[in-house]
Amino acid sequence: MMDAINSRYKKIVENLIEMKDVVVPILGDDIFYVMKEGERKMSIHEYLLESFVEEYGENGMTKEDKAVVTNGFYYGLSKLERFFPDDFETDYRCYIRKANKQGWIRMEDTIKEFLEAFRFPLLITTSPFNFIREQLTTQNYVSYAYSPKSSNTERLENQQPLIYHIFGTVADGAEWVFDEDKLLEFLHSLHNEDTTSKGLRQYMESKNCRLLAIGCNLPDWLFRFLWYPIKSGSGNGRQKKGYWINSREITESFNDFLDNINFYTASEVKDILSTAVALIKDIEQEEETMALTEGEVCYDGFLSYASEDYLIAKKLFNQLTDKGYKIWFDKKGYAKLEAGDKYMRKIKAGLAVSKYYIPLITGKFLKKIRDSSSNLSQELDLAKEHYASFANPPERYSVPVLVEGSIYKDENLTSTPVTSALVEGWAKFEILPRPFFWQINMYSYSTEDTSIDFTL
């Protein structure tokens, strides 16, 4: 399929596939549109203009004024406020909430399919993150907002998958930046003592992330300011293999700026994203086909974990891989989806081609095991079923990894440290299967360690 890709953006598609785990998209509000029943598709700004005019009349607005509102992006809404200054923000929020409640606000299909197919752990947005969170179903996103009044030092890894709202705060319910006042507040903060979002920058640096500006209406000067809090203080400030994918034309000077910080640029948004989605689906289909093929055991272990512990599981997977083990791991994040026949077939096939079952034991793991409807509980049932299929069951099949410092909370919110004694106690009374957890050597694992003392 790659041979058929247009040479003008072949390299971008190849890089997106190769580095999908470290790409961080930047999303602007033009990835959304409004579609009322039986009416034409229109931009968010067009919808707001229509709403104000319907309620208050044109208030002296000319055709040229309306053009600035609909084509001026951030400035357009400031222009709109000049004609409707009384309770503008209140009305503004009412119109947006109404459109959202009615289901009129939608994400562009191409971009939605791309974000859902790639399941990025972090999205940076200059637009209303609650809309993104509601419309993307393949990740259980939580929201975080930059605060101009603080140093923003919170570690983002603890809030994955995450949507980071780079402009403004959410303390006052500000779910949408509607004019340059918020932008100026943000830009002013860059000149204070603390000039960066430290938590975001730390995340970007620790994972060697690549920025992907997509569907983004940020003008030249604004992107430079956005760049600053992300990259300030990080060496020479050069980005490796960033991407600016936009259907709009950009100036020659901005192209020079992007080239200087090593960004690939392209304007064929729909073709690039559609091609990347098709390719990633082809790759996943090939992997699934291989996993479903009956034959010899080809994995050393099957890593089982609660979806909330994905980051811990991924770190453990990387460390075991570095030690030379081949581990079956849900790298695409399918465990975050509701259980279905297709997913369970994939789990069953993965267990069939894995020598050992490796449960990552945390409080979340134990809680989900107690819930018979959870993916993890069904996954454990499949592991027990596979173990029972052995003509001569091996003495050692389960290799539990116990995460240090983990806490189990029961239905009464009583907290209990997760220890080997607790796990064995559950196995003794058959809350957990005995062959997997009773008198079994458990490996202790600290998320602060760079490796694990582990032998299969």
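Computed from a predicted model, the values in this text were never measured in an experiment.

Draft legend 1. Seen up close, the packing of aromatic side chains. According to the stated counting rule, one finds 30 aromatic pairs in the structure shown. Taking the centre distance of 5.9 Å and the plane angle of 15° together, the rings of F254 and F257 count as stacked. Of the two residues, F254 and F257 are both situated in helix α11 (residues 252–260); the distance of 3 residues between them amounts to about one turn of the helix. Like F257, F254 is buried. In this arrangement the basic side chain of R434 is found over the ring face of W438, its NZ or CZ atom lying 5.2 Å from the centre.

Draft legend 2. Up close: the sheet that holds strand β4 (residues 105–107). The strand order across the open sheet built from 3 strands is β3-β2-β4, with neighbouring strands paired in antiparallel fashion. The open sheet has two edge strands with one neighbour each: β3 (41–42) and β4. Here strand β2 (residues 32–35) pairs with β3 via 2 bridges, running antiparallel. Bridged to V34 within β3 is M42.

Draft legend 3. Highlighting unusual backbone geometry. Phi is positive for N208, which is not a glycine, with a value near 55°. Tracing the backbone through its elements, the reader meets N208 in the loop between α9 (198–206) and β8 (210–214). Under the relative-accessibility criterion, N208 is labelled partly exposed at 41%.

Draft legend 4. Quick peek at the pattern of salt bridges. Using the criterion set out here, one finds 11 salt bridges in the structure. Two residues, E108 and K41, come together in a salt bridge whose shortest N-O distance is 3.2 Å. Taken together, the residues span a long stretch of sequence, with E108 in the loop between β4 and α6 (109–118) and K41 in strand β3 at a distance of 67 residues. E108 gets classed as partly exposed once you look at its relative accessible area, which sits at 23%.

Draft legend 5. Spatial organisation of the sheet that holds strand β17 (residues 443–445). In space, the 5 strands of this open sheet follow the order β12-β11-β13-β14-β17, with parallel pairing throughout. The open sheet has two edge strands with one neighbour each: β12 (327–328) and β17. Of the strand pairs in this sheet, strand β11 (residues 299–304) and strand β13 (residues 354–361) are connected by 5 bridges, and their pairing is parallel. Its bridge partner being in β13, Y299 is matched across the sheet by S354.

Draft legend 6. The arrangement of the confidence of the model for the protein in detail. On average, residues of the protein carry a pLDDT of 81, and 81% of them reach 70 or more. pLDDT under 50 marks residues 333–339. Its contacts with residues more than four places away, or in other chains, come to 22 contacts.

Draft legend 7. How the structure looks around the packing of helix α2 (residues 44–56) against helix α3 (residues 63–71). Packing of α2 against α3 brings their axes to within 7 Å, and their N-to-C directions diverge by 135°. Classified by the interaxial angle, the pair formed by α2 and α3 is oblique. Mapping the contact onto sequence places H45, E46 and L49 in α2 and K66, V69 and T70 in α3. Residues that form the contact of α2 with α3 fall into these classes: 2 nonpolar, 2 polar and 2 charged.

Cut-off values and rules
Here the residue index of a chain counts from 1 through its sequence in written order. Where totals are concerned, whole chains, interfaces and linings use all residues; where local detail is concerned, this predicted model gives features only for residues with pLDDT of at least 70, and gives and counts side-chain atom pairs only at 80 or more. Side-chain numbers here rest on the full set of heavy atoms in the structure, without hydrogens or water. Note on aromatic pairs: the rings of Phe, Tyr and Trp (six-membered ring only in Trp) are paired at centre separations within 6.5 Å, and the planes decide the class, stacked below 30 degrees, edge-to-face beyond 60, tilted for the rest. Strands here are runs of E lasting at least two residues and helices are runs of H or I lasting at least four, both read from the DSSP assignment and numbered beginning at the N terminus. When accessible area is computed with a 1.4 Å probe and restricted to protein chains, residues below 20% of their type maximum are described as buried, those above 50% as exposed, and intermediate ones as partly exposed. Placement of a positive charge over a ring is assigned whenever Lys NZ or Arg CZ falls within 6 Å of the ring centre and within 35 degrees of the normal to the ring plane. In this scheme, strands are said to pair when DSSP sees at least two bridges between them. Salt bridges are identified by distance alone: a Lys or Arg side-chain nitrogen within 4 Å of an Asp or Glu carboxyl oxygen. The score called pLDDT rates the predictor's confidence residue by residue, from a low of 0 to a high of 100. The contact rule is simple, with two residues in contact once any of their heavy atoms fall within 4.5 Å. Here the axes come from fitting lines to C-alpha atoms, over the contacting stretch only for helices, and the angles between their N-to-C directions go from 0 to 180 degrees. The labels follow the angle: roughly parallel below 35 degrees, roughly antiparallel above 145, roughly perpendicular from 65 to 115, and oblique for the rest. Side-chain classes follow a simple rule in which Ala, Val, Leu, Ile, Met, Phe, Trp, Tyr, Cys and Pro form the nonpolar group, Asp, Glu, Lys and Arg form the charged group, and the remainder, Gly included, forms the polar group.

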